[in-house]
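This is what each chain is made of:
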Amino acid sequence: MKQIFKLAWRNIWRNKRRTLITAASVFFAVLFASSMKSLQAGAWNEMIKNVTSLHIGYAQIHAAGFWENRSIDKSLSEEDILQQLNEVEPEGLVGYLPRLESFALASSGDKSGAVLVVGADLEKEEQHSELSSRLVEGRLLEKGEPGVILAEGLAKKLNLGLQDSLILSSIGYHAASAVGLYPIKGIISFNNPELDKQFCYLDIQVAQEFYAAEGMLTGMVIHLEDNSQLDGVLTSIRGQLPPEDYEVMDWMELMPDLVEAKNLDEAGSFLILGILYIIITFGIFGTLLMMTRERMYEFGVLTAIGMKKWLLSFAVWIEIIFMGFVGAFAGIFGTMPIVAYFVQNPIDMSKYSEDAASTYEKFGFHPVFPMNFDINIFTSQAFIVFIICTVLAVYPILVIQSLKPVQAMRK
Amino acid sequence: MSIISVKNIHKTYNENTVPVHALRGVDLEISEGEFTAIVGPSGSGKTTLLNIIGGLDRPTEGDIRLDQTELSTLNENQLIEFRKNNIGFIFQSYNLIPVLTSKENVEFVMLLQNRPKKEMETRAKELLNAVGLSDKLDQRPAQLSGGQQQRVAVARALASKPRFVLADEPTANLDSKSTADLLDIMAKLNQEEQITFVFSTHDNRVIERARRVVTMVDGKIESDETFNR
Ligand SMILES: Nc1ncnc2c1ncn2[C@@H]1O[C@H](COP(=O)(O)OP(=O)(O)OP(=O)(O)O)[C@@H](O)[C@H]1O
Ligand SMILES: [Mg+2]
C-alpha cells in the first residue's frame, strides 16, 4: 500500500509542468472560493450580530399575533408574562428585556419625521447591548425619567441637539391619543444607518404612560449568554407559554427578510463558485484525458505482468486525489493567513469607494467587513476538490476496466 | 510432459469487418527448460502466438494448456493472477515503470505477490547482479541505456519465479553488443534456474543461439528444428 502511494506521488511529478498548471488552477479556485466565503460569512455574521445585539435580540416573546401587524393593541400584560416566566429557568438565559414599541410622529419646529419609539428598561438594555458605549453625547435615562434618547441620524434630520425637546404624537392603546414633550438627554449611534434613522428611546414607564398602556408590553426580548443556547432556551419557554396567548420567535422568524437576503446572497455565491468549480473540473479532466492517453501502454504492461485492474484503478485514483490536494492544500494554506489578517483588520469599504459605501448604507449595512475564520470553509473546499477528483477519476478507471493489454500495447 | 501445449490455434482479427487470419492452425509443445526462438517474416503471426500463449489475448479457436491449467477456463481476473505467478514477460521496449528505480521495478512484481520485504530486496539485488547491473540499482529507466533497460526487464521477468518467460523481440532495439550480452544472460538464467524461455526474433545472431527454432509463415508453423548447442 505504501508503495502504491509512493508510485502515485512520483507519477504526479512525471509531467511537472502539467501537474503544476492543474494544481495551480485548483489553488486559485480554492483561494478565491475560501476568501469569498470567509468574507461573505464574516459580513453576514457581523450583520446578524449587529442587528440581534442592537435591538431585536436572539428571540422575543409577544402576545399571539403581535408580530404580524405590530399593533400596540396586541400588547401583553407585564405582570402576567413575568408570572408565567418565573416558572422556567432555562440554562443560558440572562434575563428578559421588557419593551413597548410603536411608531410615532416626532416633530420639532417645522421639521418632523416618523420614529420608532422604544420604551425600554435602559438598565437592562445596558447589560444586553452596552447601550452607553453607543452614546455620542449626553447620558442614558434614569428609571422613570421623562426624557428621550435620540438616534444620531434622526437628530441630524430634525436638527436637534442635547438642550432641545422633542414632541411625540401617536395613537395609544385602544385608540387613546398620545402626545408628549420630552427633553433630549442623549444622542446615540448604532453604526447602522437603518436604525440610526428612526430610533428613539423612552423609559419603559414613560412610554407606557405616553401610549396609555399602563402595565402593558408589546414584547420581551430574551437575553441569552450566546446564540448557541438559543434552541434549548426557546424549547423550555415555549413549553411554558400557551401558544394561543403568546408567540415566541427567534431572530430568523423575526427577520425573515434578513434570512431571505442571506439565502439569496449565498445562492448567488453558490452559483459563482459552481461555475468556478465547473471550469476547474474541465481543466482537471483535460489533464486526465492526456494522462490516460499517454499511459495506455504502461497500463497494458502493468496488467500484463499481473497487476489487478482494481489495484491499478486505485493507484490512478490516489494519483488524481494527490494532484487535486496539492492544489487544494496550497490554496488553503495560502488563504488562511489572508483570512486571519482580515479577521483582525476588517475591510472598510468607505476607504476604497465612497459610492460603494453609500450604496451599502442605503441598504442598512455598515460598510465594514470582517472576515470570518471558519475552519469548515476550508475543509469544505478540500472536500469539494476531493469529490471533483473522485468523480473525474471515473474516466481513467473506466478506461482501465475495459483495457485489453494487447490493444493497449499496440502503437 | 510439456509445460506449454498449444493445440490447433486459430486467431482471426476483425472477424466482422475485414478478417485477418493471423494464425491458421498452430500446434506447439514446449518442454520445461527449453530455449526456443520463434522466427518468421513480419506479419507471420509471432506476436499473436506469444500473446495467446501468455494469456494476454484469447484465440478464436483452439486450446492452450500451460502446465496443468487450461487457459480458456480462466476468467479475466484469474488470468491476471495466473500471469502474475507463472509467466515472466519481456516486451520489445518500454517494459519498465518510468518513475521507479531498477530495483523498485524488479521488486514491483514481487510486491504484487505480497512477498516479504526482505525477500524482495535480496532477490532484486541478486537478479540485478545476475544481469550485471548491481551498480544501477537506484537509477530510473531514463538514466539507463536501451540494453540496460532490457536487462532490468529480464530481471523483472524472473523476479516472480515464473514457470516460463515469454519475450517478444527483446533485442529488436539493441545494438549487437547489447544483444549478445542480453542473450548471454538469458541463456545463463535458462541453464542455472531451469527457466523455460520462448522468444520471437528477426535477428540472425539471436537465432544462432537458440536450441530450438520454430519458423512461422502466414500463420502456420513451417518448420521446427532442434540444435544441439
Ligand atoms: N490487433 C490486430 N488487429 C488486426 N490485425 C492484427 C492485429 N494484430 C496483428 N494483426 C495482423 O495479424 C497478422 C500477424 O501479426 P503479428 O503481429 O502476430 O505478426 P508478427 O509475426 O509478430 O510480425 P512482426 O515480425 O512484424 O512483429 C498481421 O497481418 C497483422 O497485421
Ligand atoms: Mg511481432
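In this text the structure is predicted, and so the values were computed from the model without any measurement.

What counts and how
- Residues numbered from 1 in each chain as written.
- Chains lettered and ligands numbered in written order.
- Predicted model: local features only at pLDDT ≥ 70, side-chain atom pairs only at ≥ 80, totals over all residues.
- Heavy atoms only, no water.
- Helix = DSSP H or I, 4+ residues; strand = E, 2+ residues; numbered from the N terminus.
- Buried < 20%, exposed > 50% of the residue type's maximum accessible area, 1.4 Å probe, protein only.
- Contact = heavy atoms within 4.5 Å.
- Salt bridge = Lys/Arg side-chain N within 4 Å of Asp/Glu carboxyl O.
- Polar contact = N/O pair within 3.5 Å; in protein donor to acceptor, adjacent residues only side chain to side chain.
- Domains from an automatic or database assignment.
- Near = heavy atom within 4 Å.
- Areas by Shrake-Rupley, 256 points an atom, 1.4 Å probe, with all protein chains shown as cover.
- 1 Å grid on protein atoms, 1.4 Å probe; cavity = no way out; pocket = protein on both sides within 12 Å on 5 of 7 lines; lining within 4 Å.
- Sits in = over half its atoms within 2 Å of the grid points.
- Nonpolar A, V, L, I, M, F, W, Y, C, P; charged D, E, K, R; others polar.
- Pairing = 2+ DSSP bridges.
- Phe/Tyr/Trp six-rings, centres within 6.5 Å; stacked < 30°, edge-to-face > 60°.

1. A few points about unusual backbone geometry
Here is step 1: With phi around 55°, Ala212(A) is a residue other than glycine that occupies positive phi space.
Here is step 2: Although it is not a glycine, Gln194(B) adopts a positive phi angle of roughly 55°.
Here is step 3: Along the chain, Gln194(B) turns up in the loop between helix H6 (176–192) and strand S8 (196–200).
Here is step 4: Here Gln194(B) falls in the partly exposed class, since its relative accessible area comes to 46%.

2. Let's talk about the interface of chain B and chain A
Here is step 1: Taken together, the 26 residues of chain B in the interface contact 23 residues of chain A.
Here is step 2: For the salt bridge of Arg10(A) with Glu104(B), the shortest nitrogen-to-oxygen distance reads 2.6 Å.
Here is step 3: Counting across the interface, chain B meets chain A through eight residue pairs in polar contact (both at pLDDT 80 or more).
Here is step 4: Counting only elements with at least two residues in the side of chain B that touches chain A, the list comes to helix H2 (76–86) and helix H3 (102–112) of chain B.
Here is step 5: A per-element tally of the side of chain B that touches chain A places H2(B) first, with six residues.

3. Topic: H2(B)
Here is step 1: Among the residues of H2(B), those classed as buried are Leu79(B), Ile80(B), Phe82(B), Arg83(B), Lys84(B) and Asn86(B).
Here is step 2: The backbone nitrogen of Asn77(B) lies 3.1 Å from a side-chain oxygen of the residue at the head of H2(B), namely Asn75(B).

4. Notes on the domain arrangement of chain A
Here is step 1: For chain A, the assigned domains are domain 1 (2–51 + 258–410) and domain 2 (65–242).
Here is step 2: If you average the C-alpha positions of domain 1 of chain A and of domain 2 of chain A, the two centres end up 48 Å apart.

5. Observations concerning the site of ligand 1
Here is step 1: Neighbouring ligand 1 are 15 residues, the closest being Arg410(A), Ser42(B), Lys46(B), Thr47(B) and Thr48(B).
Here is step 2: Residues near ligand 1 are shared among chains A and B, making this a multi-chain site.
Here is step 3: Within the contact set of ligand 1, an oxygen atom lies 3.0 Å away from a backbone nitrogen or oxygen of Gly45(B).
Here is step 4: In the complex, the protein chains occlude 73% of the 630 Å² of accessible area that ligand 1 would expose alone.
Here is step 5: Applying the majority rule of atoms within 2 Å of the grid points places ligand 1 in the second largest pocket.
Here is step 6: For the shell around ligand 1, the elements supplying multiple residues, two or more each, are strand S2 (20–31) and helix H1 (46–53) of chain B.
Here is step 7: Top contributing element to the shell around ligand 1 by residue count: H1(B), with three residues.
Here is step 8: Residue composition of the shell around ligand 1, grouped by class: four nonpolar, eight polar and three charged.

6. Some details on the sheet that holds strand S4 (residues 61–66) of chain B
Residues and elements named next belong to chain B.
Here is step 1: Spatially, S2-S1-S4-S5 is the arrangement adopted by the four strands of the open sheet, whose pairing is antiparallel. If you trace the sheet from one side to the other, it starts and ends with S2 and strand S5 (69–70), each paired once.
Here is step 2: Sheet topology places S4 next to S5; two bridges connect them, and they run antiparallel. When the sheet's bridge partners are listed, Leu66 is paired in S5 with Thr69.

7. Looking at the packing of aromatic side chains
All names here are of chain A.
Here is step 1: One pass over the structure, following the stated rule, counts 22 aromatic pairs over all chains.
Here is step 2: On the numbers, 6.0 Å between centres and 45° between planes, the contact of Phe5 with Phe322 is tilted. Taken as a pair, Phe5 in helix H1 (residues 2–12) and Phe322 in helix H12 (residues 309–344) lie far apart in primary sequence, 317 residues in all.
Here is step 3: Accessibility expressed as a relative area gives 33% for Phe5, which makes it partly exposed.
Here is step 4: Judged by its relative accessible area of 22%, Phe322 falls in the partly exposed class.
Here is step 5: Arranged with centres 5.7 Å apart and planes meeting at 50°, the rings of Phe373 and Phe378 form a pair that is tilted.
Here is step 6: Residue classification places Phe373 among the partly exposed positions, given a relative accessible area of 40%.
Here is step 7: With a relative accessible area of 2%, Phe378 lands in the buried category.
Here is step 8: An aromatic cluster of three or more residues is present, and its members are Phe314, Trp317, Phe325, Phe329, Phe333 and Phe386.

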